[in-house]
Amino acid sequence: MAGGGRMKGVEGSGEGAGQGEAIDEEERDELELALSLGRRGWHPPPPPPLPAPPLRWTMVFPAWDPDEAGSSQAAERIWDSPPVPPLRFGDMWRGAADAEDHNNDEDDKGSEDGERDLNNKRPRVRGFGDESPQHSSVNAAFFGFEPPRLHAFSEHNHLKLSHCPENELDFGLSLFSNGGGKEIPRETNNQRVGDVEKLGGKNAEDTEIRMDLSDDLLHLIFSFLCQKDLCRAGAACKQWQSSSVHEDFWKCLKFENTRISLQNFVNICRRYQNVTILNLSGVMEAEELVMNAITFLRHLKTLTMGKGQLGDTFFQALAECPLLNTLTVSDASLGSGIQEVTVNHDVLHELQIVKCRALRISIRCSQLQILSLRRTGMAHVSLNCPQLLELDFQSCHKLSDTAIRQAATACPLLTSLDMSSCSCVTDETLREIATACHSLSVLDASNCPNISFESVKLPMLIDLRLLSCEGITSASMGAIYFSRILEALQLDNCSLLTSVSLDLPHLKNISLVHLRKFADLNLRSPVLSYIKVSRCSALRSVTITSNALQKLVLQKQESLSSLYLQCHNLTDVDLSDCESLTNEICKVFSDGGGCPMLRSLILDNCESLSAVELNNSSLINLSLAGCRLMTFLKLACPKLQMVNLDGCDHLERASFCPVGLESLNLGICPKLSILHIEAPNMSILELKGCGVLSQASINCPHLTSLDASFCRQLMDDSLSRTAEACPLIEHLILSSCLSIDTSGLSSLQCLHKLTFLDLSYTFLINLKPVFDSCPQLKVLKLSACKYLSDSSLDPLYREGALPMLVELDLSYSAIGQNAIEELLACCTNLVNVNLNGCTNLHELVCGSEYYWSIDMPVDVYPSDSAPEKIKDINGRPDYLLEVLNCTGCPNIKKVVIPSIPSMVNYLNLSKINLNLSTNLKEVDLKCSNLYSLNLSNCSALEILKLDCPRLANLQLLACTLLQGEELESAISFCGALEILNVHSCPKINAWDFGRLQAVCPTLKRIQSSLIA
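Residues numbered from 1 in each chain as written. Predicted model: local features only at pLDDT ≥ 70, side-chain atom pairs only at ≥ 80, totals over all residues. Heavy atoms only, no water.

Okay, the side chain of Ser 720 next. Structurally, Ser 720 is set in helix H16 (residues 716-725). Setting aside anything within four residues of it in sequence, one finds Ser 720 in contact with Ser 743, Gly 744 and Ser 747. (Helix = DSSP H or I, 4+ residues; strand = E, 2+ residues; numbered from the N terminus. Contact = heavy atoms within 4.5 Å.)

So this is what it looks like as structure tokens:
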């Protein structure tokens, strides 16, 4: 132990361990609450005669003396010391009281010797190497034994007491230094502790550790702690103890579900007599605690009790609290069960007796304003509360109708009454309450089956709740109509209610949920702002007049067929799944229909709608998803920005004139035949799949993208009109538009910004209109145009047509070998070429002298460009080709791309795809920038020569004839190869992998069926 020593003491004996663990929690709470009182003037009761709990203490010793290291005498001085007696809490606190004077003396001496931080006025916290009087003597006395008993280490005793791992009082503190230095952890090997002690021996002032927390800052931090945490914090040091007992933190005592002894509680109340809030809910013997400390609670304003027995003497003793304003008692037994419990207090304003048990309750509080007896089981209640305003009898099942009537009528100033779930209440009780309580404004009579509310007149009623009242019928609306200032009405689950017709000028909210026989709703209120109607399967007619209603939701009203609205501020309407709505509903939501501010309309799954015609100048969002019977749609909504037509697969005619749409997808309407669009803001239009569309009038001056693929009946005249009206189109897709001919293609000359044209799957023969009309074209797709011949592409490579073309797709076309070779040789600006499935392609030999032996007439070029073109040919320019796709070319047998200085080079070629070319036998590539090569499923491949220094991905899946030696030779010139796929290559064995990685060290992954 060169750096320092730490010795763990002998733990307590095992006898009584179980009992010790059982009282650990109680003793810890006792200790924490005692700390909250400080040490002066307080003496805890003597501990019970139980075995002491097993204690674990740890001594942190100073640096080991090298002169005595290994000395048996030194060891004897340690281990032959008298044994430490078992520690008890009584001894601990007696030692603490005896040591207090000693601490004060030491503090006085320390102040003279610089023991306090004069700037911050706090005790200086020492490092582990400094001698501390508090650590050397006070702590020893605190725990009930004298320092000389451990005479070998009497100068440095750092004790650590622990009753359980989560609650330890550690007197060997490790804190942060004032200068922001790093924390010095006390490691098990004591190396850091030893270093600190050595430094402390040389210069204790330099290693001094302080806590820079001013009293104001500490007060602010402690204001966020609960009382239990304050007790624990107060055990840290004198400064924290002084701050934690400040009366600001103890005005509100919350001891709910906490075990606290009588003596502790009385002492706390004695010290903090300004307590205003006390919570003893869930505390055992809470009544006894309050009774013994009642003389110290004269400033108490709020008291909460719960779970226990509260006798009549407890309520009588509350008179000692003259300022008591609120009393809450929950889940308790009141009285002895055979006598009446009386609550008599002159100042009490609020009384909550919730879920309690009592025989009879009498309340005589002259200033009481709020009384709640919710869920309290009592047979009778007597009230003498002339100032009572709110009364709650909810779920008081044992109270009779007469008892409720007498209690309520005894409170003439009553404004709120809750007697929900009191099944015995009748209309007679309501009538007498209405007579006696003229100011009643809130009434909750829910779940009262005997109430019909007929002949009940409550003119001051504002909020009425009649949920699940089986006696409520349409005749009850006459009595409700008498409440002219009613603002909120709830009639949920009134099964006999068939209609509601109310004209109330102040009605704001109404709820009508799960009314099985409800068929007619008629509401008139200028301030009506919220309506909830749900699960009313028989509802047929709705009439609403309101100036405040902004949102109306009537979802899943299967029988609703008539709707009349006069709502000038209504903005959102949701009528989803109203299957019985007819076409007449469109008049309600058109201009002049009563909803001039409508912005959103949802008519999803309204299957009875067949023709929708809306003329609304404010509508922004419209959803008609799932309206499967709709065949006609006409929208004249200039502000419309979103329309949803999903599932409208029977739509035949559609007119959007005018609309504010920016994009529209009609590809989900396969039966659409006539289309008229006038949208000045539209930029994207999709007609993909409108196979029977024959007449289209599209007037969208800002349209940039038009997808008319698979519009097989779209005629040339429609395309011509669209091109003239939409001159900004950049992307045009006419794939599978079989009716488009040369006259329609000629109209593309109006599209000066057209860069993308897709004519795939068409019967075109002559492409000259395209070459003449679209000189700025960059992408041309001619996939599966089987009627194109070699001469169709002559303008591309013989006349220099489409000089800006960068992508050409000739997949599955009938273009011959010569035309392909000429295209690749002459169209140097092409970046992406697709030749997938070209059956006439037999070999691909790029960059050979053959390409430059073609007799190309120079005079075909314009006079201003001919010299430049001749210069490019003579200068052998490099090609821009980057991607070459030849997937599924069944007749191709040879692919050769050499790199000869005197020839043109494919320096930019980075990706070649020859997948599924089953007759391909030879591949010879010399491409300096090739990155990916796919030769998968080339089952005839035998010769593979590669000189591609940047090739990283090589796919050879199912190349059944490729030999391992051939592959080894090929990849030897691929210095950047990382991924090699030889799955299902039977002639490449597992022992070839080592040689492959040897010739190509950069290889990271080999994919093969031979590798698990």
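Before going further, it helps to examine the pairing of strand S21 (residues 499-503). Only one face of S21 is covered, namely the one carrying Val 500 and Leu 502; the face carrying Ser 499, Ser 501 and Asp 503 has none of its residues buried. Relative to strand S23 (residues 520-524), S21 is paired through five bridges, and the arrangement is parallel. Residue pairing in the sheet places Ser 499 in a bridge with Asp 520 of S23. (Buried < 20%, exposed > 50% of the residue type's maximum accessible area, 1.4 Å probe, protein only. Pairing = 2+ DSSP bridges.)

The two faces of strand S51 (residues 943-946) differ: Leu 944 and Leu 946 on one face are buried, but Ile 943 and Lys 945 on the other face are not. In terms of strand pairing, strand S49 (residues 922-925) meets S51 through four bridges, oriented parallel. Residue Val 923 lies in a different strand from S51, and its bridge partner there is Leu 944.

In this structure, Pro 658 follows Cys 657 across a cis peptide bond, with omega equal to -10°. Examined against the element boundaries, Pro 658 turns out to sit in strand S34 (residues 653-659). Even without a glycine there, the phi angle at Asn 257 is positive, about 55°. With respect to the helices and strands, Asn 257 occurs in the loop between strand S7 (252-254) and helix H9 (262-271). Residue classification places Asn 257 among the exposed positions, given a relative accessible area of 59%. Positive phi, normally seen in glycine, also occurs at Ser 455, with a value near 65°. Looking at where Ser 455 falls in the secondary structure, it is placed in the loop between strand S18 (442-444) and strand S19 (463-465). A relative accessible area of 56% places Ser 455 in the exposed class.

Running from amino to carboxyl end, H9 crosses helix H10 (residues 286-293) at an angle of 40°, the nearest separation of the two axes being 9 Å. Between H9 and H10, the angle falls in the class oblique. For H9 against H10, the interelement crossing comes out right-handed. Of H10, the residues touching H9 (which contributes Leu 262, Phe 265, Val 266 and Cys 269) are Glu 288, Leu 289, Val 290, Asn 292 and Ala 293. (Axes fitted to C-alpha atoms, helices over the stretch in contact; angles between N-to-C directions. Parallel < 35°, antiparallel > 145°, perpendicular 65-115°, else oblique. Left-handed = near helix turned anticlockwise from the far one by under 90°.)

Remember, this is a structural readout, not a statement about activity or role.
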